[in-house]
Amino acid sequence: MDIRGKKVLVFGSGISGEAAACLLVRQGAEVILYDGNGKLREEDIRKKVPADVRIVLGTFPDSLTEELDLTVISPGVPTDLPVVDRMRKLGIPIWGEVELAYRYTKGDVLAITGTNGKTTTTTLLGEIMKKYRESVFVVGNIGRPYTSIAEETGEDSVIVAEISSFQLETIHSFRPAVSAILNITPDHLNRHHTMEAYIAAKERIAGNQTPSDCCILNYEDDVLREFGERVNTRVLYFSSRRKLNRGVYLDGDMIVCDIDKRIPVCRTGELQVLGTHNYENVMAAAAMAYVYGVPVEVIRETLKEFKGVEHRIEFVAEKNGVAYYNDSKGTNPDAAIRGIRAMNRPTVLIGGGYDKDSSYDEWIQAFDGKVRKLVLLGATREKISQAAEKAGFEDVVMADTFE
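Here's what I pulled together on the structure shown here. Quantities reported herein were computed from a predicted structural model and do not represent experimental measurements. (Residues numbered from 1 in each chain as written. Predicted model: local features only at pLDDT ≥ 70, side-chain atom pairs only at ≥ 80, totals over all residues. Heavy atoms only, no water.)

1. Regarding the overall build of the protein chain
Phase 1: Scanning the protein chain from N- to C-terminus turns up 14 helices and 19 strands.
Phase 2: The C-alpha radius of gyration computed for the protein chain amounts to 22 Å, which stays within 12% of the reference 22 Å derived for 403 residues, consistent with globular compactness.
Phase 3: Seen along its three principal axes, the alpha-carbon backbone of the protein chain occupies a region of about 60 × 55 × 40 Å.
Phase 4: When each of the 403 residues of the protein chain is scored for burial, the buried share is 54%.
Phase 5: Of the contacts made within the protein chain by residues no fewer than 6 positions apart, 59% connect residues no fewer than 24 positions apart.
Phase 6: Roughly 18,500 Å² of accessible area belongs to the protein chain as shown, and the carbon and sulfur atoms make up 47% of that amount.
Phase 7: Positive and negative charge centroids in the protein chain, built from 50 and 59 side chains respectively, lie 2 Å apart. (Helix = DSSP H or I, 4+ residues; strand = E, 2+ residues; numbered from the N terminus. Rg over C-alpha atoms; globule rule 2.2 N^0.38 Å. Buried < 20%, exposed > 50% of the residue type's maximum accessible area, 1.4 Å probe, protein only. Contact = heavy atoms within 4.5 Å. Areas by Shrake-Rupley, 256 points an atom, 1.4 Å probe, with all protein chains shown as cover. Lys, Arg positive; Asp, Glu negative; His and termini not counted. Charge placed at Lys NZ, Arg CZ, Asp CG, Glu CD.)

2. Regarding the environment of Gly14
Phase 1: Mapped onto the secondary structure, Gly14 falls in the loop between strand 1 (7-11) and helix 1 (15-26).
Phase 2: Spatially, the C-alpha atoms of Gly14 and Gly76 are 8.6 Å apart, while their sequence positions differ by 62 residues.

3. Examining the sheet that holds strand 13 (residues 254-258)
Phase 1: Spatial ordering of the open sheet is given by 7-8-6-9-10-11-12-13-14, a layout of 9 strands whose pairing is mixed. Single-partner strands in this sheet number two, and they are strand 7 (136-140) and strand 14 (262-267). Across the sheet, the axes of successive neighbouring strands diverge by a mean angle of 20°, strand direction being ignored.
Phase 2: Each of strand 6 (108-113), strand 8 (158-162), strand 9 (178-181), strand 10 (214-218), strand 11 (234-239), strand 12 (247-251), strand 13 and strand 14 touches helix 10 (residues 276-292); the most contacted strand, strand 10, lies at about 165° to it. (Pairing = 2+ DSSP bridges. Axes fitted to C-alpha atoms, helices over the stretch in contact; angles between N-to-C directions.)

4. Here we look at the pattern of salt bridges
Phase 1: Summed over all chains, the structure comprises 29 salt bridges.
Phase 2: For Asp213, the salt bridge is made with Arg175, and the minimal N-O distance between the two is 2.8 Å. Of this pair, Asp213 sits in the loop between helix 8 (195-203) and strand 10 while Arg175 sits in the loop between helix 6 (165-168) and strand 9, placing them 38 residues apart in sequence.
Phase 3: Notably, a salt bridge pairs Arg230 with Glu203, separated by 2.9 Å at the nearest N-O pair. In this pair, Arg230 sits in the loop between helix 9 (222-228) and strand 11 while Glu203 sits in helix 8, placing the two residues 27 residues apart along the sequence.
Phase 4: Each of Lys7, Glu30, Arg54 and Glu67 takes part in one network of salt bridges that share partners. (Salt bridge = Lys/Arg side-chain N within 4 Å of Asp/Glu carboxyl O.)

5. Quick notes on the sheet that holds strand 4 (residues 70-73)
Where strands meet in a sheet, backbone hydrogen bonds hold them as pairs that are either parallel or antiparallel.
Phase 1: The strand order 3-2-1-4-5 describes an open sheet built from 5 strands, whose pairing is parallel. Taken across any chain shown, the strands that pair with only one partner, and hence form the sheet edges, are strand 3 (54-57) and strand 5 (94-96). Each neighbouring strand pair of the sheet contributes to a mean axis angle of 25°, computed without reference to strand direction.
Phase 2: Of the pairings in the sheet, the one linking strand 2 (residues 30-35) to strand 3 comprises 4 bridges and is parallel in character. When the sheet's bridge partners are listed, Ile32 is paired in strand 3 with Arg54.
Phase 3: Packed on one face of the sheet, helix 1 meets strand 1, strand 2 and strand 4 and runs near 165° to strand 1.
Phase 4: Together, strand 1, strand 4 and strand 5 form the strand contacts of helix 3 (residues 82-89), whose direction differs from that of strand 1 by roughly 155°.

6. Brief notes about helix 12 (residues 333-342)
Phase 1: Most of helix 12 sits inside the fold, with 9 of its 10 residues counted as buried.
Phase 2: Residues Pro333, Asp334, Ala335, Ala336, Ile337, Arg338, Gly339, Ile340 and Ala342 constitute the buried set of helix 12.
Phase 3: Contact partners of the buried residues in helix 12: helix 10, strand 17 (347-351), helix 13 (361-365) and strand 18 (371-376).

7. A closer look at helix 3
Phase 1: Within helix 3, the full set of buried residues consists of Val83, Val84 and Met87. Within helix 3, the buried residues cover an arc of 100° as seen down the axis, which keeps them to one side. In helix 3, the exposed residues that point more than 90 degrees away from the buried face are Pro82 and Lys89.
Phase 2: Directly beyond the C-terminal end of helix 3, a positive phi value near 80° is found at Gly91. (Arc of directions from axis to C-beta.)

8. With respect to the nonpolar core
Phase 1: Residues Leu110, Leu125, Met129, Ile216 and Leu303 are the most contacted members of the largest nonpolar core, which totals 45 residues.
Phase 2: The leading source of residues in this core is helix 10, at 11 residues.
Phase 3: Listed in part, the 31 residues of the second largest apolar core include Phe174, Ile181, Tyr237 and Tyr249. (Core = buried A, V, L, I, M, F, W, Y, C linked by side-chain atoms within 4.5 Å.)

9. Regarding the layout of surface pockets
Phase 1: Of the pockets and cavities examined, the largest pocket occupies roughly 1,200 Å³.
Phase 2: If you trace the largest pocket, you find 39 residues lining it, with Tyr325, Asp327, Leu349, Ile350 and Gly351 closest to the centre.
Phase 3: Elements represented by at least two residues in the lining of the largest pocket include exactly strand 16 (322-326), helix 12 and strand 17.
Phase 4: Classifying every residue of the lining of the largest pocket gives 22 nonpolar, 14 polar and 3 charged.
Phase 5: Reported here for the second largest pocket is a volume of approximately 920 Å³.
Phase 6: Together, 42 residues line the second largest pocket, and Gly117, Thr119, Arg312, Lys329 and Gly330 are the ones closest to its centre.
Phase 7: For the lining of the second largest pocket, the secondary structure elements donating two or more residues are helix 5 (118-132), helix 6, helix 8, helix 10, strand 15 (314-319) and helix 12. (1 Å grid on protein atoms, 1.4 Å probe; cavity = no way out; pocket = protein on both sides within 12 Å on 5 of 7 lines; lining within 4 Å. Points joined across faces, edges and corners; volume = space filled by probe spheres on them. Nonpolar A, V, L, I, M, F, W, Y, C, P; charged D, E, K, R; others polar.)

10. Section: a nonpolar patch on the surface
Phase 1: On the surface, a cluster of nonpolar side chains totalling about 280 Å² of accessible area is made up of Leu274, Phe315 and Tyr325.
Phase 2: With respect to the secondary-structure elements, Leu274 resides in the loop between strand 14 and helix 10. (Patch = residues over 30% accessible without salt bridge, like charges linked within 9 Å, V, L, I, M, F, W, Y side chains within 5 Å.)

11. Topic: the side chain of Thr147
Phase 1: Checked against the element boundaries, Thr147 lands in the loop between strand 7 and strand 8.
Phase 2: With residues near it in sequence (within four places) discarded, Thr147 still touches Ser16, Ala19, Ala20, Leu23, Arg26, Glu97, Leu100 and Ala101.

Written as structure tokens, this is what we have:
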């Protein structure tokens, strides 16, 4: 679609909405930026977008749909809202910010999704690619809107993108040269409603890939192993539990890349990140880089230098013999389980927060004698406390604030 002169609605005024509005204006579209939060101040938004963007806040005006040629929806906006359904029925195309960016991007895209590990893997792959290529952009759910860099890319650029399930709901032509799905466990069921819908959203990352592209999958994830049998692209697996005939795997404490030939990459003891889940993230990034053509020497050097990502089992300090870790990105039970498993001494655990319709039974079971005290706060504290009581874990403290 040539958007020059077209009337385009950007639905959502967060950082991706603002970046999308700026790109659309530069491409000659007539842009309306809408946000349902009537408490937002137009003058605050106005500072971040071009002067000719029309801003609409609060209740959506029904008459607005009659004017539109295209809607670009931000990831935080549910795609099943009545107003979005009405747009579909009127035949108005609905793109996500990722789809918009992709249509104005040159170069190759390496895209990563999964329930857990996306940001760590994306950051690491970005570091590998920066050692290998001049023009590298790390974008997406990691915090830098894809649309903000689309026009800076050239034919030799590599875009390393972290893509969430929300973003994948609204792609159409988006096609990575190499994609990866790290794992799939229950998350965001308040948005996707069913596990089947959540899985389908994740699988869309490879939906437009062809046999000349490649999709990297976790062999130890039953859903992904089955997906690998039916996807229309070349598939490579990584595994933390077994040797693979072809792929990247953990052999004792050695990460091995066995694709064209068996190449020892590095030992886990040489890495600066902790835990099996991080070894899986490392293997996924290494596999993506290798199939893209990055020399093993470059991959190995970067893996050894990589210190991990903020808020993900991030070592903060040691005071009076107590080590403090920040795992505040462990926002679903599976991620939180990985954090507990990485701890190597008796642990006091602070948990709770926003309710995403998760079950906490497996998380409590993963304490396995290691967690000595559980401090709970936020909307989920009662639900977690009940799960703890049911599992026989009684040393629970309720808190109202972090202070």
